[in-house]
Amino acid sequence: MDLNREYAAHQQALMSAEVAHSDSDRRACLARASDIAARIGAFQRRLGAAAACAWSASQLATTASA
């Protein structure tokens, strides 16, 4: 997995959500960001990466506030 590409795609999805023209577009962008975040978190956990816990917690907080 290319983490730089995944992080960039995640950021792009979040930025697209901010400028979405409709609620459904916004929700679709946030869902895409959530899917990407889940892939990143799963990858990090498989590697035993310490950052995985922090990444997962931040995504849960973001999802809860959306």
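As the structure is a computational prediction, the values presented were derived from the model and not from experiment.

Chemist: Would you explain the overall build of the chain in this entry?
Modeler: When helices and strands are counted, the chain shows 3 helices and 0 strands. Moving toward the C terminus, one meets the helices and strands of the chain in the order α-α-α. In the chain, buried positions account for 23% of the 66 residues. Counted over contacts in the chain with a minimum sequence separation of 6, partners at least 24 positions apart contribute 42%. Carbon and sulfur atoms form 57% of the exposed surface of the chain, whose accessible area is close to 4,400 Å².

Chemist: So what exactly am I meant to see when it comes to the pattern of salt bridges here?
Modeler: Side-chain pairs of opposite charge can arise whenever the charged atoms involved come near each other. This structure, assessed with the given rule, holds 2 salt bridges. A salt bridge links Asp-2 to Arg-5; the shortest N-O distance between them is 3.7 Å. A relative accessible area of 58% places Arg-5 in the exposed class. The residue Glu-6 makes a salt bridge to Arg-39 at a minimum N-O spacing of 2.9 Å.

Chemist: Would you take a moment to explain the confidence of the model for the chain for this structure?
Modeler: Low pLDDT marks stretches whose predicted atomic positions should not be read closely. Residues of the chain with pLDDT of at least 70 account for 73%, and the chain-wide mean is 85. Per-element confidence in the chain is highest for helix H1 (residues 3–18), whose mean pLDDT is 96, and lowest for helix H3 (residues 51–65), whose mean pLDDT is 63.

Chemist: Any chance you could explain the environment of Gln-12 here in plain terms?
Modeler: Tracing the sequence through the fold places Gln-12 in helix H1. For the pair Gln-12 and Ala-33, spaced 21 residues apart in the sequence, the C-alpha separation amounts to 8.3 Å.

Chemist: Help me understand H1, please; the structure alone is not making it clear to me.
Modeler: Given 3.6 residues per helical turn, the α-helix brings residues three or four places apart onto the same face. Helix length check: H1 (16 residues) gives 23 Å between terminal C-alpha atoms against 22 Å at 1.5 Å per residue, within 8%. Those residues of H1 lying buried are Glu-6, His-10, Ala-13 and Ala-17. Viewed along the axis of H1, the buried residues span an arc of 60°, placing them on a single side of the element. Opposite the buried face of H1, by more than 90 degrees, sit the exposed residues Asn-4, Arg-5 and Glu-18.

Rules of the game
- Residues numbered from 1 in each chain as written.
- Predicted model: local features only at pLDDT ≥ 70, side-chain atom pairs only at ≥ 80, totals over all residues.
- Heavy atoms only, no water.
- Helix = DSSP H or I, 4+ residues; strand = E, 2+ residues; numbered from the N terminus.
- Buried < 20%, exposed > 50% of the residue type's maximum accessible area, 1.4 Å probe, protein only.
- Contact = heavy atoms within 4.5 Å.
- Areas by Shrake-Rupley, 256 points an atom, 1.4 Å probe, with all protein chains shown as cover.
- Salt bridge = Lys/Arg side-chain N within 4 Å of Asp/Glu carboxyl O.
- pLDDT = per-residue confidence, 0-100.
- Expected span 1.5 Å × (residues − 1).
- Arc of directions from axis to C-beta.

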